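Each chain, written out:
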Amino acid sequence: MTAIDDVAIEITPQVLLKAYACGIFPMAESAEDNALYWIEPERRGILPLDRVHIPRRLARTIRTGDFEVRVDHDFEAVIKGCAARRPGRRSTWINARIRYLYRELFALGHCHTVEVWWEGALIGGLYGVHLGRAFFGESMFSRGRDASKIALVYLVARLKYGGFELLDTQFVTPHLARFGVIEVSRTEFQGLLDGALRGLAGSGTGGAAVSGVPGGAASGVAGASAGSAGASFSALPAGITGGGVLQLVSQTSNTGCSTALSPGLSANIQPVKMR
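Please read all numbers here as calculations on a predicted model, not as lab measurements. (Residues numbered from 1 in each chain as written. Predicted model: local features only at pLDDT ≥ 70, side-chain atom pairs only at ≥ 80, totals over all residues. Heavy atoms only, no water.)

**Considering the overall build of the protein**
And then number 1: If you tally the helices and strands in the protein, you get 9 helices and 10 strands.
And then number 2: Of all 275 residues assigned to the protein, the portion counted as buried reaches 53%.
And then number 3: In the protein, of all internal contacts separated by at least 6 residues, the share reaching a separation of at least 24 is 75%. (Helix = DSSP H or I, 4+ residues; strand = E, 2+ residues; numbered from the N terminus. Buried < 20%, exposed > 50% of the residue type's maximum accessible area, 1.4 Å probe, protein only. Contact = heavy atoms within 4.5 Å.)

The structure is reproduced here in structure tokens:
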């Protein structure tokens, strides 16, 4: 773990994207501490997109729930919810610098939110970073039953529909393990990441080292758009129901952003509140 303030580098959204391409991400000790640290875990959590497990009760909630799922609707409310203190956690690693950097990534189209709303109120959600065909989950929160879990399922559906290859969860928690999150070694993770970033300008281990960023290399990432040589964080088919979302998640093949839906999925295209 290296303090960003200990190295001669100005952290910017572009530098942050280069760090992600190296398999590194920043965290703070607490919301009150302005310092950031580069984190590169020995063991990395990932959720294999072709082996996602959805608990039976959660699947029933998604099929029958009257919640509304929105994407990229209210970034500020989501990161505020993720940073809020809650039972069992008095502090958070999301400080003012983290908020600023990810707000900038959101403006650039490299950060996304998945939000769960009920009766006009935000009750849970998550945010993360999109680069190439990889999505790096950052944080989630819940103020209502199953809200963060619903957001995760809808995230997976979008990733599978958009042609993503890697969902990085950083660490494994009991909450995430229920969905099939596993640990891989740093070397295994880097191989998966290199594959998900293949074709992205300057990414991978063959570029020039990022100044001040320990670990791998990612020259030129700053010039690439969020969708360049990568997956699309695209909208799901218009009118898809919770049943259709569940079918997308349960599909074992990752066929990319195809509009050729199976008969079962097509049957689940009905009017529903979803953006």
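**Overview of the packing of aromatic side chains**
And then number 1: In the structure shown here, the tally under the stated rule is 8 aromatic pairs.
And then number 2: Ring centres of phenylalanine 75 and tyrosine 127 lie 6.2 Å apart, and the angle between their planes is 80°; this geometry places the pair in the edge-to-face category. Of this pair, phenylalanine 75 sits in helix H3 (residues 75–83) while tyrosine 127 sits in strand E7 (residues 121–131); the two residues are 52 residues apart in sequence, bridging distant segments of the chain.
And then number 3: Judged by its relative accessible area of 5%, phenylalanine 75 is buried.
And then number 4: By the ring-pair criterion, three or more aromatic residues cluster together here, those being Phe75, Tyr102, Phe106 and Tyr127. (Phe/Tyr/Trp six-rings, centres within 6.5 Å; stacked < 30°, edge-to-face > 60°.)

**Observations regarding the sheet that holds strand E4 (residues 43–46)**
And then number 1: On the basis of which strands lie adjacent, the open sheet formed by 7 strands has the order E5-E6-E7-E8-E9-E4-E10 and mixed pairing. Taken across any chain shown, the strands that pair with only one partner, and hence form the sheet edges, are strand E5 (68–71) and strand E10 (182–185). Across the sheet, the mean angle separating the axes of adjacent strands is 35° when strand polarity is ignored.
And then number 2: As paired elements, E4 and strand E9 (residues 166–170) share 2 bridges and run antiparallel to each other. Paired with glycine 45 across the two strands is glutamine 170, which belongs to E9.
And then number 3: Along the sheet, helix H5 (residues 147–162) makes contact with E5, strand E6 (111–118), E7, strand E8 (134–142) and E9, crossing E8 at roughly 160°.
And then number 4: Of the strands in this sheet, E4, E8, E9 and E10 touch helix H7 (residues 186–196), which is tilted by about 95° from E10. (Pairing = 2+ DSSP bridges. Axes fitted to C-alpha atoms, helices over the stretch in contact; angles between N-to-C directions.)

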